[in-house]
Amino acid sequence: MPFLAHFGIGLATKRFFPQIPLWALLISTMVLDILFNIFIFAFWPSHGLFMAAVWSASAMLITVLITTLLNSKKTQNTQNFYVSMIIGLLVFSHWVLDFIGWPGGLPLLFNDSLTIGLGVFSTWFGALAMEIGIFLPGLAIYIHYIIKIKKIKVIDDHSSEIES
Ligand SMILES: [Zn+2]
(Lines give C-alpha, C1' and ligand atoms only; values in the text may rest on other atoms or scores of the structure.)
Protein backbone atom coordinates (compact mmCIF):
# COMPACT_ATOMS: atom_id res chain seq x y z
CA MET A 1 0.00 0.00 0.00
CA PRO A 2 2.78 2.52 0.63
CA PHE A 3 3.85 4.11 -2.64
CA LEU A 4 6.37 6.91 -2.13
CA ALA A 5 8.03 4.96 0.70
CA HIS A 6 9.05 2.17 -1.74
CA PHE A 7 10.71 4.73 -4.03
CA GLY A 8 12.45 6.26 -0.99
CA ILE A 9 14.15 2.91 -0.34
CA GLY A 10 15.15 2.61 -4.02
CA LEU A 11 16.56 6.15 -4.15
CA ALA A 12 18.59 5.70 -0.97
CA THR A 13 20.03 2.40 -2.26
CA LYS A 14 21.63 4.22 -5.24
CA ARG A 15 23.95 6.06 -2.84
CA PHE A 16 25.34 2.75 -1.52
CA PHE A 17 25.34 0.73 -4.77
CA PRO A 18 26.06 3.29 -7.54
CA GLN A 19 26.93 0.51 -10.02
CA ILE A 20 23.24 -0.49 -10.22
CA PRO A 21 21.12 1.71 -12.56
CA LEU A 22 18.48 3.79 -10.74
CA TRP A 23 15.64 2.44 -12.89
CA ALA A 24 16.54 -1.13 -11.85
CA LEU A 25 16.52 -0.12 -8.17
CA LEU A 26 13.15 1.66 -8.46
CA ILE A 27 11.49 -1.14 -10.45
CA SER A 28 12.79 -3.74 -7.96
CA THR A 29 11.02 -2.00 -5.09
CA MET A 30 7.75 -2.19 -7.07
CA VAL A 31 8.01 -5.74 -8.50
CA LEU A 32 5.42 -7.14 -6.06
CA ASP A 33 2.88 -4.45 -7.04
CA ILE A 34 3.59 -4.99 -10.75
CA LEU A 35 2.98 -8.75 -10.26
CA PHE A 36 -0.11 -7.94 -8.21
CA ASN A 37 -1.56 -5.96 -11.13
CA ILE A 38 -0.66 -8.67 -13.64
CA PHE A 39 -2.05 -11.52 -11.56
CA ILE A 40 -5.09 -9.75 -10.13
CA PHE A 41 -7.44 -11.48 -12.60
CA ALA A 42 -5.80 -14.87 -12.13
CA PHE A 43 -5.99 -14.55 -8.33
CA TRP A 44 -2.31 -15.40 -8.12
CA PRO A 45 -0.90 -14.37 -4.75
CA SER A 46 1.90 -11.81 -4.84
CA HIS A 47 1.90 -10.18 -1.42
CA GLY A 48 1.99 -13.17 0.98
CA LEU A 49 5.23 -13.64 2.93
CA PHE A 50 5.93 -16.98 1.23
CA MET A 51 5.31 -15.71 -2.33
CA ALA A 52 7.24 -12.48 -1.62
CA ALA A 53 10.24 -14.65 -0.71
CA VAL A 54 9.73 -16.72 -3.88
CA TRP A 55 9.51 -13.58 -6.09
CA SER A 56 12.57 -12.05 -4.41
CA ALA A 57 14.60 -15.22 -5.00
CA SER A 58 13.36 -15.31 -8.63
CA ALA A 59 14.34 -11.66 -9.16
CA MET A 60 17.79 -12.49 -7.74
CA LEU A 61 18.22 -15.46 -10.11
CA ILE A 62 17.02 -13.48 -13.15
CA THR A 63 19.47 -10.68 -12.27
CA VAL A 64 22.32 -13.22 -11.93
CA LEU A 65 21.46 -14.54 -15.41
CA ILE A 66 21.17 -11.09 -17.03
CA THR A 67 24.33 -9.67 -15.44
CA THR A 68 26.31 -12.82 -16.30
CA LEU A 69 25.14 -12.63 -19.92
CA LEU A 70 25.97 -8.92 -20.14
CA ASN A 71 29.36 -9.13 -18.40
CA SER A 72 30.94 -12.29 -19.70
CA LYS A 73 34.26 -11.86 -17.85
CA LYS A 74 34.69 -14.56 -15.18
CA THR A 75 36.25 -12.06 -12.74
CA GLN A 76 32.93 -10.23 -12.49
CA ASN A 77 31.06 -13.21 -11.02
CA THR A 78 31.20 -12.00 -7.40
CA GLN A 79 30.16 -8.51 -8.50
CA ASN A 80 27.17 -9.98 -10.44
CA PHE A 81 26.15 -12.02 -7.40
CA TYR A 82 26.42 -8.97 -5.17
CA VAL A 83 24.23 -6.84 -7.48
CA SER A 84 21.67 -9.68 -7.74
CA MET A 85 21.52 -9.99 -3.96
CA ILE A 86 20.74 -6.26 -3.62
CA ILE A 87 17.98 -6.54 -6.28
CA GLY A 88 16.48 -9.56 -4.45
CA LEU A 89 16.58 -7.70 -1.12
CA LEU A 90 14.93 -4.63 -2.70
CA VAL A 91 12.10 -6.79 -4.08
CA PHE A 92 11.64 -8.19 -0.57
CA SER A 93 11.79 -4.70 0.99
CA HIS A 94 8.42 -4.09 -0.70
CA TRP A 95 6.88 -6.80 1.47
CA VAL A 96 8.46 -5.34 4.63
CA LEU A 97 6.99 -1.88 3.95
CA ASP A 98 3.59 -3.34 3.00
CA PHE A 99 3.73 -5.41 6.22
CA ILE A 100 4.17 -2.17 8.17
CA GLY A 101 1.56 -0.23 6.18
CA TRP A 102 -1.21 -2.53 4.86
CA PRO A 103 -4.36 -1.99 6.97
CA GLY A 104 -5.67 -5.58 6.84
CA GLY A 105 -2.25 -7.23 7.16
CA LEU A 106 -0.61 -9.54 4.60
CA PRO A 107 -1.10 -13.33 4.36
CA LEU A 108 1.70 -15.62 5.58
CA LEU A 109 1.17 -18.18 2.83
CA PHE A 110 -1.57 -17.73 0.21
CA ASN A 111 -4.67 -15.57 -0.01
CA ASP A 112 -6.74 -17.31 2.68
CA SER A 113 -4.04 -17.92 5.29
CA LEU A 114 -3.37 -16.05 8.53
CA THR A 115 -2.58 -12.36 7.95
CA ILE A 116 0.09 -10.36 9.76
CA GLY A 117 0.86 -6.65 9.66
CA LEU A 118 1.19 -3.46 11.66
CA GLY A 119 -1.58 -1.58 9.79
CA VAL A 120 0.07 1.85 9.97
CA PHE A 121 -2.07 2.89 6.97
CA SER A 122 -5.28 2.42 8.98
CA THR A 123 -5.16 6.12 9.84
CA TRP A 124 -4.41 8.92 7.38
CA PHE A 125 -1.84 10.29 9.82
CA GLY A 126 0.00 6.97 9.94
CA ALA A 127 -0.08 6.71 6.15
CA LEU A 128 1.26 10.25 5.68
CA ALA A 129 3.93 9.84 8.37
CA MET A 130 5.15 6.57 6.85
CA GLU A 131 5.20 7.81 3.23
CA ILE A 132 6.92 11.10 4.01
CA GLY A 133 9.09 9.66 6.81
CA ILE A 134 10.69 7.15 4.41
CA PHE A 135 10.50 8.99 1.06
CA LEU A 136 12.06 12.31 2.15
CA PRO A 137 15.16 10.83 3.85
CA GLY A 138 15.58 8.51 0.83
CA LEU A 139 15.33 11.45 -1.57
CA ALA A 140 17.75 13.50 0.58
CA ILE A 141 20.33 10.67 0.55
CA TYR A 142 19.96 10.41 -3.25
CA ILE A 143 20.27 14.17 -3.87
CA HIS A 144 23.31 14.33 -1.58
CA TYR A 145 24.89 11.51 -3.59
CA ILE A 146 24.15 13.22 -6.97
CA ILE A 147 25.67 16.52 -5.76
CA LYS A 148 28.81 14.65 -4.61
CA ILE A 149 29.12 12.90 -7.99
CA LYS A 150 28.69 16.22 -9.87
CA LYS A 151 31.43 17.83 -7.72
CA ILE A 152 33.83 14.96 -8.46
CA LYS A 153 33.05 15.30 -12.18
CA VAL A 154 33.71 19.07 -12.13
CA ILE A 155 37.09 18.51 -10.39
CA ASP A 156 37.96 15.77 -12.95
CA ASP A 157 37.05 18.00 -15.92
CA HIS A 158 39.07 20.84 -14.41
CA SER A 159 42.21 18.76 -13.83
CA SER A 160 42.03 17.28 -17.35
CA GLU A 161 41.77 20.84 -18.71
CA ILE A 162 44.96 21.78 -16.84
CA GLU A 163 46.74 18.65 -18.14
CA SER A 164 45.87 19.43 -21.78
ZN1 LIG B 1 2.44 -3.70 -2.48
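All of these numbers come straight from a predicted model, not from anything done at the bench.

**Considering the overall build of the protein chain**
- A tally of helices and strands in the protein chain yields five helices and two strands.
- The order of α-helices and β-strands along the protein chain, N terminus first, is α-α-α-α-β-β-α.
- Its C-alpha atoms give the protein chain principal-axis dimensions of about 70 × 40 × 25 Å.
- A buried classification covers 33% of the 164 residues belonging to the protein chain.

**Notes on the confidence of the model for the protein chain**
- Averaged over all residues, the pLDDT of the protein chain equals 89, while 94% of them reach at least 70.
- Per-element mean pLDDT across the protein chain ranges from 86 in strand E1 (residues 106-107) up to 96 in helix H1 (residues 4-16).

**Let's talk about the packing of H1 against helix H2 (residues 22-39)**
- Two elements in contact, H1 and H2, have axes whose closest approach is 8 Å; the angle formed by their N-to-C orientations is 145 degrees. The two elements H1 and H2 meet at a crossing, and its hand is right-handed. Between H1 and H2, the residues in contact are His6, Phe7, Ile9, Gly10, Thr13 and Lys14 and Leu22, Leu25, Leu26, Ser28, Thr29 and Met30, respectively.
- Taken together, the residues of the contact of H1 with H2 sort by class into six nonpolar, five polar and one charged.

**So, H2**
- Along its 18 residues, H2 runs 26 Å from first to last C-alpha, staying within 8% of the 26 Å computed at 1.5 Å per residue.
- A maximum bend of about 55 degrees is found in H2 at methionine 30.
- Every buried residue of H2 is accounted for by Leu25, Ser28, Thr29, Val31, Leu32 and Leu35.
- Where the residues of H2 are buried, they touch H1, helix H3 (49-70) and helix H4 (77-101).

**Side note on the nonpolar core**
- Ranked by internal contacts, the top residues of the largest apolar core, which has 31 residues, are Leu32, Trp55 and Val91.
- Taken together, the elements giving at least two residues each to this core come down to H1, H2, H3, H4 and helix H5 (124-163).
- By residue number, the principal contributor to this core is H4, which donates seven residues.
- When sequence neighbours within four positions are dropped, the list of residues in contact with valine 91 reads Ser28, Val31, Leu32, Trp55, Ser56 and Ala59.

**Points about the environment of phenylalanine 135**
- One can find phenylalanine 135 in helix H5.
- In contact with phenylalanine 135, other than residues within four places in its own chain, are Leu4, Ala5, Phe7 and Gly8.

**Brief notes about the packing of H3 against H4**
- With their axes 8 Å apart at the nearest point, H3 and H4 run at an angle of 155 degrees to one another. With respect to each other, H3 and H4 are oriented roughly antiparallel. Considering only the axes of H3 and H4, their crossing is right-handed. Between H3 and H4, the contacting residues are Leu49, Ala52, Ala53, Trp55, Ser56, Ala57, Ala59, Met60, Thr63, Val64, Thr67 and Thr68 on the first element and Asn80, Phe81, Val83, Ser84, Met85, Ile87, Gly88, Val91, Phe92 and Trp95 on the second.

**Some words on the environment of alanine 59**
- Within the secondary structure, alanine 59 sits in helix H3.
- Take alanine 59: there are 21 C-beta atoms within 10 Å of it, and that puts it in the buried class.
- Alanine 59 sits 30 residues away from leucine 89 along the chain, and the two C-alpha atoms are 9.2 Å apart.
- Non-local contacts of alanine 59, meaning those with residues more than four positions away in its chain, are made with Ser28, Val31, Ile87, Gly88 and Val91.

**Describing the environment of valine 120**
- Take valine 120: it is sitting in the loop between strand E2 (115-116) and H5.
- Considering only alpha carbons, one finds valine 120 and arginine 15, 105 residues apart in sequence, at a separation of 27 Å.
- Excluding anything up to four places from it in sequence, valine 120 contacts Ile100, Gly101, Gly126, Ala127 and Met130.

Cut-offs and rules
- Residues numbered from 1 in each chain as written.
- Predicted model: local features only at pLDDT ≥ 70, side-chain atom pairs only at ≥ 80, totals over all residues.
- Helix = DSSP H or I, 4+ residues; strand = E, 2+ residues; numbered from the N terminus.
- Buried ≥ 20, exposed ≤ 12 C-beta atoms within 10 Å, placed from the backbone.
- pLDDT = per-residue confidence, 0-100.
- Axes fitted to C-alpha atoms, helices over the stretch in contact; angles between N-to-C directions.
- Left-handed = near helix turned anticlockwise from the far one by under 90°.
- Contact = placed C-beta atoms within 7 Å.
- Nonpolar A, V, L, I, M, F, W, Y, C, P; charged D, E, K, R; others polar.
- Expected span 1.5 Å × (residues − 1).
- Bend = angle between axes of the 7 residues up to and from the residue.
- Core = buried A, V, L, I, M, F, W, Y, C linked by C-beta atoms within 7 Å.
- Parallel < 35°, antiparallel > 145°, perpendicular 65-115°, else oblique.

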